[in-house]
Amino acid sequence: MAMDILREMENLRREIDGAFKGFGTGAFLEPSFLPGVGLQRFPQVNLAQDKDNVYAEVLVPGVDAKDLELTVMRGTLTLSGERKDVTATEKTWLRRERGLGKFMRTIDLPGEIDADRVVARFENGVLLVTLPIQEQAKPRRISVKAS
Amino acid sequence: MGQKDISVHGAHEVEKRQQSDEIFIRPAVDIFETEEGLTLVADLPGVDKEELKIDLDQGLLTVQANGKSLMNGDLIRREFLHGSFYRQFRLSDEIDSENIVAEMKNGVLTLLLPKSESARPRRIEIKTT
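The present account deals with the structure reproduced in this document. Nothing here was measured: the structure is a model prediction, and the numbers come from that model.

### What about the sheet that holds strand β3 (residues 53-59) of chain A?
Working step 1: If you walk across this open sheet you meet the five strands as β8(A)-β9(A)-β3(A)-β2(A)-β6(B), and the pairing is antiparallel. Edge positions in the sheet fall to β8 (119-123) of chain A together with β6 (74-77) of chain B, since each of these pairs with one other strand and no more. Strand-to-strand, the axes of this sheet are offset by a mean angle of 25°, without reference to chain direction.

Here it is as structure tokens:
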């Protein structure tokens, strides 16, 4: 009865299409960014790299910037925080897919990071971290001289 | 399961899909009911208020948003994909569609869907004589 008030449209075709588009990466199409639910990793992280920096993009929707903690130690980045409940009023749950609670995750970074120059930006529930690679860890071109 | 609705919407969908090869992601949602109405909470990380589209057309609520990556460099590890968020719900007449309130904070959308007066529970006073 309760669900009659709001019913989700089953966009079956869209989802089937999505399943095939994401073939091979299917698991990442899961809608959940859930902490503490099953084996789902939270938060989810994408890593990128260019010659000067490593970049991390972390999905932390609904987490306040002040509840986030970021630690860089040698070649690892550790993220911890808490996603808090919004309301405490009496309610009947109809759907509960978002998780709540504390989380922590450590990610291995490629190469040594200059921890003093790490910059983190938080925007719309996404954390963008720029991790500069240490000078001595950068690849160096060695010129070969012909004699 | 509302077969009719699916086919009606399908007509729009075909059009849209021909234009692009986008990936659609169903955002995770929490929905709960109180005496005043329903609250829908959706995770939309990376979505700006301006990019969010909420439509209500004949009781069909559509939440749609474009997500994009702000990251530079070459990807070396991927745990999630960027795509458009898309999810639809059918609301009953019991929702007062004129007074829906939407709020976006930290990549989370909160939609307050108030019940119409007639659908609210009413306390009935018992008079003692």
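After presenting the structure, the write-up continues.
### Section: the nonpolar core
Working step 1: Formed by 21 residues in total, the largest nonpolar core has its most connected members in L40, L44, V47, L52 and L109 of chain B.
Working step 2: Of all the secondary-structure elements, those providing two or more residues to this core are β2 (29-33), β3 (37-43), β5 (60-66), β7 (84-91) and β9 (108-114) of chain B.
Working step 3: Sequence-distant contacts of V47 of chain B, defined by excluding residues within four places in its chain, comprise N124 of chain A together with L52, A65, N66, F85 and M104 of chain B.
Working step 4: Grouped together as the second largest cluster of nonpolar side chains are 20 residues, V58, L68, I113 and I133 of chain A included.

### Overview of the environment of Q136 of chain A
Working step 1: Tracing the backbone through its elements, the reader meets Q136 of chain A in the segment after β9 (126-132).
Working step 2: You can call Q136 of chain A exposed: its relative accessible area is 61%.

### Observations regarding the pairing of β7 of chain B
Residue and element names in this part refer to chain B.
Working step 1: In terms of burial, β7 is largely enclosed, as eight of its eight residues are buried.
Working step 2: With burial as the criterion, each face of β7 is covered, one bearing S84, Y86, Q88 and R90 and the other bearing F85, R87, F89 and L91.
Working step 3: Pairing geometry for strand β1 (residues 24-25) and β7, over two bridges, is parallel. Across the sheet, residue F24 finds its bridge partner in β7, namely S84.
Working step 4: Two strands pair when backbone bridges link them, and β5 and β7 are joined in this way by seven bridges, in the antiparallel orientation. Its bridge partner being in β7, V63 is matched across the sheet by R87.

### Here we look at the pattern of salt bridges
Working step 1: Summed over the entire model, instances satisfying the criterion amount to 14 salt bridges over all chains.
Working step 2: Among the ionic pairs, D52 of chain A bridges to K51 of chain A, the shortest N-O distance being 3.6 Å.
Working step 3: You can call D52 of chain A partly exposed: its relative accessible area is 31%.
Working step 4: By relative accessible area, K51 of chain A is classed as exposed at 63%.
Working step 5: A salt bridge links D64 of chain A to K105 of chain B; the nearest nitrogen and oxygen atoms lie 3.9 Å apart.

Calculation rules
- Residues numbered from 1 in each chain as written.
- Chains lettered and ligands numbered in written order.
- Predicted model: local features only at pLDDT ≥ 70, side-chain atom pairs only at ≥ 80, totals over all residues.
- Heavy atoms only, no water.
- Pairing = 2+ DSSP bridges.
- Helix = DSSP H or I, 4+ residues; strand = E, 2+ residues; numbered from the N terminus.
- Axes fitted to C-alpha atoms, helices over the stretch in contact; angles between N-to-C directions.
- Core = buried A, V, L, I, M, F, W, Y, C linked by side-chain atoms within 4.5 Å.
- Buried < 20%, exposed > 50% of the residue type's maximum accessible area, 1.4 Å probe, protein only.
- Contact = heavy atoms within 4.5 Å.
- Salt bridge = Lys/Arg side-chain N within 4 Å of Asp/Glu carboxyl O.

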